[in-house]
Amino acid sequence: MRRVAVIDYGMGNLRSVSKALESVSDNQTEVLVSADPDTILSASHVLFPGVGAMRDCILELNKLGLDEVVLEAAKTKPFLGICLGMQALLSHSEENNGVKALDIIAGEVKRFPNPLMADGEKLKVPHMGWNQVHQTSNHVLWKDIQQDSRFYFVHSYYVSPEDPAVTSATSSYPDEFTVAIQQDNVFAAQFHPEKSQHAGLQLLKNFVNWDGQS
Amino acid sequence: MGLAKRIIPCLDVDNGRVVKGVQFVDIRDAGDPIEVAKRYDEQGADEITFLDITATHHERETMVHVVEAVASQVFIPLTVGGGIRTVDDIRRMLNAGADKVGINSAAVKNPEFVREAAEKFGSQCIVVAIDAKKVSAEGEADKWEIFTHGGRKPTGIDAVEWAKKMVAYGAGEILLTSMDRDGTKSGFDLALTRAISDAVDVPVIASGGVGQLQDLTDGIKEGHADAVLAASIFHFGEHTVQEAKQQMASQGIEVRL
């Protein structure tokens, strides 16, 4: 029996994530949305979602005593960070005049430049919509997902990891940036697999079936 | 290659059914919203927008159930607009499975509501819907004003200034409808779309007036829109979303096929 815990720390709506996980789970898999440390740490898989601002994210985690839980889960279990749940894994973010993050993956979270120019035209920020995701590794979470498939994004900040080897995929807007990272039992994505139709559901299915080996 | 331009079918929902009026009269029934949403998802819609045109509290409950049912079967972004007036309205729709909410007349009535909503839920889920009508005479410089109550009530607010203000207050996206064109099938108001899109940093969705596939391409190329929204050309089987995307792609627009 697998149990996938979705960490509920008040940062955004988790219904989409849990519904998407349920839709790819078999009857041997249970999906739980929880803020309870014991429930999260006794799960086989942990999903760390999040939308909103970095400062609120870190404050909420601390307030609920979940920062230690995230650190622990990210050491031991198949772990998937999504969007702000990816950015929070880095060392530090430029958002809200600078916020110290969880430092599970060495690196910075930066804002897209303002204005963001491409060929003399201004690009919109947030980077919102379906962009191509170029896989740069053979990670098991990319199984059965076509190279350069489109996933749904909505964000104004992006991750810049210190070690380029943790980058698992990139996109361009207009410059290339990291959109997925992998480090041991941790995988994280800037895009929203739960909103990315077939390709996104496949990634979630691969996560549920993942044993945490990279 | 990079970010794709989006096609967003819009479902006007009244008492649990998809309807589409022509300039807010002559409402035709276009089916069950859950079935319609699933069909558009299969056709490759990039997002789906539900516009709740229901007037009563009781019927609003129906909308929550529609969103819940769609969100457990359709895994693309969902936006709900119409009658969003309080933080509680937003929370209910997000909890039901919506990813974004559209705020329209409540923003005109109280702009601070947009700021409060963006602070509470994040700009990424706050779409400000703007209904604009041209008020300049022939030969004058273009000028558009915000109208409420389905285009009947002028507010005296300049549309471009309003869009900038709403972005400053935290809107993550602008849904722009030309009330002159809505339901007419004569194409977007391209000058309006371009004026707003060029004035703000956030994405702009063009709406109101799509009658043929070329209108969608024009909205992107000439209107500088980041996404295009249409209702009736998809509802009554005239065109599929896939056809629309192929037509756009054939003219050099990047789309998700």
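None of these values were measured; they are calculated from a predicted model.

Novice: Run through the overall build of chain B, naming residues and quoting values.
Specialist: Scanning chain B from terminus to terminus reveals 10 helices and 12 strands. Here the C-alpha radius of gyration of chain B, 17 Å, is about what a compact globule of 257 residues would show, namely 18 Å. Counting over 257 residues, chain B shows a buried share of 58%. For chain B, contacts bridging at least 24 residues in sequence account for 64% of all contacts bridging at least 6.

Novice: Help me get a handle on the side chain of Thr49 of chain B, residues and values and all.
Specialist: Residues and elements named next belong to chain B. Within the secondary structure, Thr49 sits in strand β4 (residues 48-52). Thr49 gets classed as buried once you look at its relative accessible area, which sits at 6%. Excluding anything up to four places from it in sequence, Thr49 contacts Ile8, Pro9, Cys10, Leu11, Thr79 and Leu229.

Novice: Outline the interface of chain A and chain B, listing residues and values.
Specialist: Facing 29 residues of chain A, the contacting portion of chain B comprises 37 residues. Interface area for chain A against chain B, summed over the two sides, is near 2,700 Å², with a carbon-plus-sulfur share of 53%. Among the residues of chain A in contact with chain B, Lys124, Met128 and Trp130 of chain A are the three that bury the most area, contributing 26% of the side total. On inspection of chain A and its partner chain B, the count reaches four salt bridges. Lys122 of chain A is paired through a salt bridge with Asp201 of chain B; the nearest N and O atoms lie 2.9 Å apart.

Novice: Account for helix α2 (residues 57-71) of chain B, naming residues and giving values.
Specialist: A rise of 1.5 Å per residue sets the reference length of α2 of chain B, with its 15 residues, at 21 Å; its end C-alpha atoms lie 22 Å apart and thus fit the reference within 8%. Those residues of α2 of chain B that fall on the buried side of the exposure criterion are Arg60, Met63, Val64, Val66, Val67, Ala69, Val70 and Ala71 of chain B. Buried positions along α2 of chain B lie against α1 (15-24) of chain A together with β1 (6-14), α1 (33-43), β4, β5 (78-81) and α3 (87-96) of chain B.

Novice: Which residues make up the packing of α1 of chain B against α2 of chain B, and what values go with them?
Specialist: Residue and element names in this part refer to chain B. Where α1 meets α2, the axes come as close as 9 Å, and the angle between the chain directions of the two elements is 35°. Considering only the axes of α1 and α2, their crossing is right-handed. Residues Pro33, Ile34 and Ala37 of α1 pack against Val66, Ala69 and Val70 of α2. In terms of residue class, the contact of α1 with α2 is built from six nonpolar, no polar and no charged.

Novice: Lay out the nonpolar core in plain terms, naming residues and giving numbers.
Specialist: Side chains of nonpolar character tend, in soluble globular proteins, to be buried together. Ile48, Phe50, Ile90, Ile103, Ile174 and Leu216 of chain B are the most contacted members of the largest nonpolar core, which totals 79 residues. For this core, the element with the highest residue contribution is α2 of chain B, accounting for six residues. Setting aside anything within four residues of it in sequence, one finds Ile174 of chain B in contact with Val127, Val128, Ile130, Ala163, Met166, Val167, Ile196, Val202, Pro203, Val204 and Ile205 of chain B. Counting residues in hydrophobic clusters, the runner-up holds 38 residues, among them Val4, Val6, Ile145 and Val208 of chain A.

About the criteria used
Residues numbered from 1 in each chain as written. Chains lettered and ligands numbered in written order. Predicted model: local features only at pLDDT ≥ 70, side-chain atom pairs only at ≥ 80, totals over all residues. Heavy atoms only, no water. Helix = DSSP H or I, 4+ residues; strand = E, 2+ residues; numbered from the N terminus. Rg over C-alpha atoms; globule rule 2.2 N^0.38 Å. Buried < 20%, exposed > 50% of the residue type's maximum accessible area, 1.4 Å probe, protein only. Contact = heavy atoms within 4.5 Å. Buried area = accessible area lost by both parts, 1.4 Å probe. Salt bridge = Lys/Arg side-chain N within 4 Å of Asp/Glu carboxyl O. Expected span 1.5 Å × (residues − 1). Axes fitted to C-alpha atoms, helices over the stretch in contact; angles between N-to-C directions. Left-handed = near helix turned anticlockwise from the far one by under 90°. Nonpolar A, V, L, I, M, F, W, Y, C, P; charged D, E, K, R; others polar. Core = buried A, V, L, I, M, F, W, Y, C linked by side-chain atoms within 4.5 Å.

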